[in-house]
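Inside the fold
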Amino acid sequence: MRTLTYREAVREALIEEMERDERVFLMGEEVAEYDGAYKISQGMLDKFGPRRVIDTPISECGFAGLGVGAAMAGLRPVVEFMTFSFSLVAFDQIVNNAPNMLTMSGGQFHVPMVFRGPNGPVHALGATHSHATEPFYANVPGLKVCAPGTVRDAKGLLKTAIRDDNPVIVLESEALYNTSGEIEDADTDLTVPLGEAAVLREGDDVTLVTYSQTIPLVLETADKIKAELGVSPEVIDLRSIRPLDADTVCKSIAKTNRLVIVEQNRPFCGIGAQLTYAVQRDAFDELDAPVTRVAQQDVPMPYNEKLEDAVLPSEQRILDAVKEVCYL
């Protein structure tokens, strides 16, 4: 086992897949000469050259469309957005073209490509740079969406996404880039399947479901729940947003009988809303309390630090939700 940062795991996945398949290439703003806005692609221009690590103009719609065309022509592009809030400029290409081309061409054109980059609120970036975009893209048939929250998944999910013959959105977290974790040795071909949630901590009394940058918060809060409330929480990382693994959540509820969903996106039409529907459909009789959700407040993200903290999920809000479902 080795210790890597989330940032290094993403870089390692890109390098391994580009070495494995010469059709894979990386493109985006400042990915080449500047080594990437977050240094994900550091050293990759020297290693692979300007034909496979390509700096683009500040035109998300333009280079996303170029990626769709390249994928249709048989290449496997990885398109990086400096932040997924900027991907909204390329909404037409991501939503109209990439996921629909296979069906609209009668199966003649596959679109094997990845859209990746940091997603979700970070710190004092204001409303236009803080979108958690997963509900937008998970709503679109033909798109697969994942949100790795651990170092191992940052590598394994990206490798799986690059090998997929369909467009996959990999939503990384800027807040996690510097976090560390253990990962298999370099000679191990690590892939993580899409559509499979992971149980991060076993428990008996309440199921906490989360993903991406809220994972560290939930794990830390789980310790306090056990110590202060005497409640044993089970923590599940969704990992994949679409396909969504509701079965793992329902199996956990059969044991704990209670569910709290902690998500980085807003509540209205959010990921938790879809998961709650699946749970009441498939595990209604197992619930001893209504499903409770801890999400962003339903307002534009403030720039002010204290207001931002009030909007985002917090330890206290999670504790209050657990007390509510456990009738404490």
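Residues numbered from 1 in each chain as written. Predicted model: local features only at pLDDT ≥ 70, side-chain atom pairs only at ≥ 80, totals over all residues. Heavy atoms only, no water.

1. Description of the overall build of the chain
- Secondary structure assignment for the chain yields 12 helices and 14 strands.
- Radius of gyration (C-alpha) of the chain: 20 Å, near the 20 Å computed for a compact globule of 328 residues.
- Nonlocal contacts in the chain, meaning residues at least 24 apart in sequence, comprise 80% of its contacts between residues at least 6 apart.
- Roughly 13,800 Å² of accessible area belongs to the chain as shown, and the carbon and sulfur atoms make up 51% of that amount.
- Computing the positive centroid from 30 side-chain charges and the negative centroid from 50, the chain places the two 2 Å apart. (Helix = DSSP H or I, 4+ residues; strand = E, 2+ residues; numbered from the N terminus. Rg over C-alpha atoms; globule rule 2.2 N^0.38 Å. Contact = heavy atoms within 4.5 Å. Areas by Shrake-Rupley, 256 points an atom, 1.4 Å probe, with all protein chains shown as cover. Lys, Arg positive; Asp, Glu negative; His and termini not counted. Charge placed at Lys NZ, Arg CZ, Asp CG, Glu CD.)

2. A short note on the side chain of Glu263
- Structurally, the position occupied by Glu263 is in the loop between β13 (259–262) and α10 (271–282).
- Each residue touching Glu263, except ones within four places of it in the same chain, is listed here: Tyr211, Thr214, Gly270, Ile271, Gly272, Arg293, Val294, Ala295, Gln296 and Pro313.

3. What to know about unusual backbone geometry
- Cis peptide bonds are those with omega within 30 degrees of zero, and the linkage from Arg242 to Pro243 qualifies with 5 degrees.
- Among the secondary structure elements, Pro243 is positioned in the loop between β12 (240–242) and α9 (246–256).
- Of note, the phi angle at Ala124 is positive, near 55 degrees, even though the residue is not glycine.
- With respect to the helices and strands, the residue Ala124 is situated in the loop between β5 (114–118) and α6 (134–138).
- Of note in the backbone geometry, Ser212 takes a positive phi value of approximately 55 degrees without being a glycine.
- Counting through the fold element by element, Ser212 comes out in the loop between β10 (206–210) and α8 (215–229).
- Given a relative accessible area of 1%, Ser212 falls into the buried group. (Buried < 20%, exposed > 50% of the residue type's maximum accessible area, 1.4 Å probe, protein only.)

4. Considerations on the domain arrangement of the chain
- Along its sequence, the chain is carved into domain 1 (2–183) and domain 2 (198–325).
- The C-alpha-based centres of domain 1 and domain 2 are spaced at 27 Å.
- Here domain 1 packs against domain 2, burying approximately 2,100 Å² in sum over the two surfaces, 55% of which is carbon and sulfur.
- Contact with domain 2 buries surface across domain 1, with Pro121, Glu134 and Ala147 losing the most and accounting together for 23% of the total. (Domains from an automatic or database assignment. Buried area = accessible area lost by both parts, 1.4 Å probe.)

5. So, the sheet that holds strand β6 (residues 144–146)
- Taken together, 7 strands build an open sheet; the order of strands is β3-β2-β4-β5-β7-β6-β12 and the sheet is mixed. Two strands lie at the open edges of the sheet, namely β3 (53–55) and β12, each paired on one side alone. When strand polarity is set aside, the average angle formed by the axes of neighbouring strands in this sheet is 20 degrees.
- The sheet contact formed by β5 and strand β7 (residues 168–172) spans 5 bridges and is parallel. By the bridge assignment, Arg116 is partnered in β7 with Val170.
- Across the face of the sheet, helix α1 (residues 6–20) comes into contact with β2 (24–28), β3, β4 (76–80), β5 and β7 while running at roughly 130 degrees to β2. (Pairing = 2+ DSSP bridges. Axes fitted to C-alpha atoms, helices over the stretch in contact; angles between N-to-C directions.)

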